[in-house]
Amino acid sequence: MSKKIYCIASFKPKPGKEEAVFKALQALEPNTRREDACLQYTVTRQIDNPFAQGNSDPIVFHEIWASREAFEAHCQRREIQDFFARHVAAEDGDIEDANVCVYTDEPWNFDAPQV
């Protein structure tokens, strides 16, 4: 049974704040990668490509965590809480909208081995 949690966190910066938001999110990477249960934590920005013309927020974090508990502990770190308070919740923050979702790779009714 996979306990991994996959998180997609997308961000829509306020106009003219794209570079500042990207840099602020990049600043979260080093300490987060120190977390033992962090398997992947990479901020990306959308680029133009004729083979991928879908709609998305322009900045997206791709995260993989060893477990749900590890992801939830990460979300409660002061640095992460401060980021959301300063950049998302604050009226003068640089982010217009944020959307954070978690996923599993385990199918419904998976017959997981009991070890």
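Note: the structure precedes this text.
This one's a predicted model, so the numbers in the text were calculated from it and none came from an experiment. (Residues numbered from 1 in each chain as written. Predicted model: local features only at pLDDT ≥ 70, side-chain atom pairs only at ≥ 80, totals over all residues. Heavy atoms only, no water.)

Undergrad: Explain helix H1 (residues 18–26) here, please?
TA: Considered for burial, the residues of H1 that qualify are Val-21, Phe-22, Ala-24 and Leu-25. Buried positions in H1, seen along its axis, are confined to an arc of 165 degrees and lie on one side of it. (Buried < 20%, exposed > 50% of the residue type's maximum accessible area, 1.4 Å probe, protein only. Helix = DSSP H or I, 4+ residues; strand = E, 2+ residues; numbered from the N terminus. Arc of directions from axis to C-beta.)

Undergrad: Quick question: what am I supposed to make of the sheet that holds strand E2 (residues 38–45) here?
TA: In a beta sheet, neighbouring strands are held together by backbone hydrogen bonds and run either parallel or antiparallel to one another. Taken together, four strands build an open sheet; the order of strands is E2-E3-E1-E4 and the sheet is antiparallel. For this open sheet the edge positions go to E2 and strand E4 (95–103), each flanked by a neighbour on one side alone. Within the sheet, the average angular offset between the axes of one strand and its neighbour, ignoring direction, is 10 degrees. With seven bridges connecting them, E2 and strand E3 (residues 59–65) associate as antiparallel partners. Residue pairing for E3: Cys-38 is matched across the bridge by Trp-65. Here helix H3 (residues 68–75) sits on the sheet in contact with strand E1 (5–13), E2, E3 and E4, set at roughly 135 degrees to E3. (Pairing = 2+ DSSP bridges. Axes fitted to C-alpha atoms, helices over the stretch in contact; angles between N-to-C directions. Contact = heavy atoms within 4.5 Å.)

Undergrad: I would appreciate a short explanation of the environment of Ala-98 in the present structure.
TA: In this fold, Ala-98 is placed in strand E4. Relative accessible area serves as the criterion here: at 23%, Ala-98 is assigned to the partly exposed category. Sequence-wise, Ala-98 and Val-88 are ten residues apart; in three dimensions their C-alpha atoms are separated by 7.0 Å. When near neighbours in sequence (up to four residues on either side) are disregarded, Ala-98 contacts Ser-10, Phe-11, Phe-84 and Val-88.

Undergrad: How should I be thinking about the pattern of salt bridges in this particular structure?
TA: Opposite charge on two side chains makes pairing possible when the charged atoms of those side chains draw close. Across all of its chains, the model carries seven salt bridges by this definition. Here Lys-17 makes a salt bridge to Asp-94, at a shortest N to O gap of 4.0 Å. Here Lys-17 is found in the loop between E1 and H1, whereas its partner Asp-94 is found in the loop between helix H4 (78–89) and E4, with 77 residues between them in sequence. Residue Lys-17 is classed as partly exposed on the basis of its relative accessible area of 35%. (Salt bridge = Lys/Arg side-chain N within 4 Å of Asp/Glu carboxyl O.)

Undergrad: What should I look at first to understand H4 in this one?
TA: Because an α-helix completes one turn every 3.6 residues, residues spaced three or four positions apart along the sequence face the same direction. Within the sequence span of H4, burial applies to Ile-80, Phe-83 and His-87. Summarising the axial view, the buried residues of H4 lie within an arc of 65 degrees, below the 170-degree limit, and thus occupy one face. When the buried face of H4 is taken as reference, the exposed residues oriented beyond 90 degrees from it are Arg-78, Arg-86 and Ala-89. Packed against the buried residues of H4 are E1, H1, helix H2 (29–33), E2, H3 and E4.

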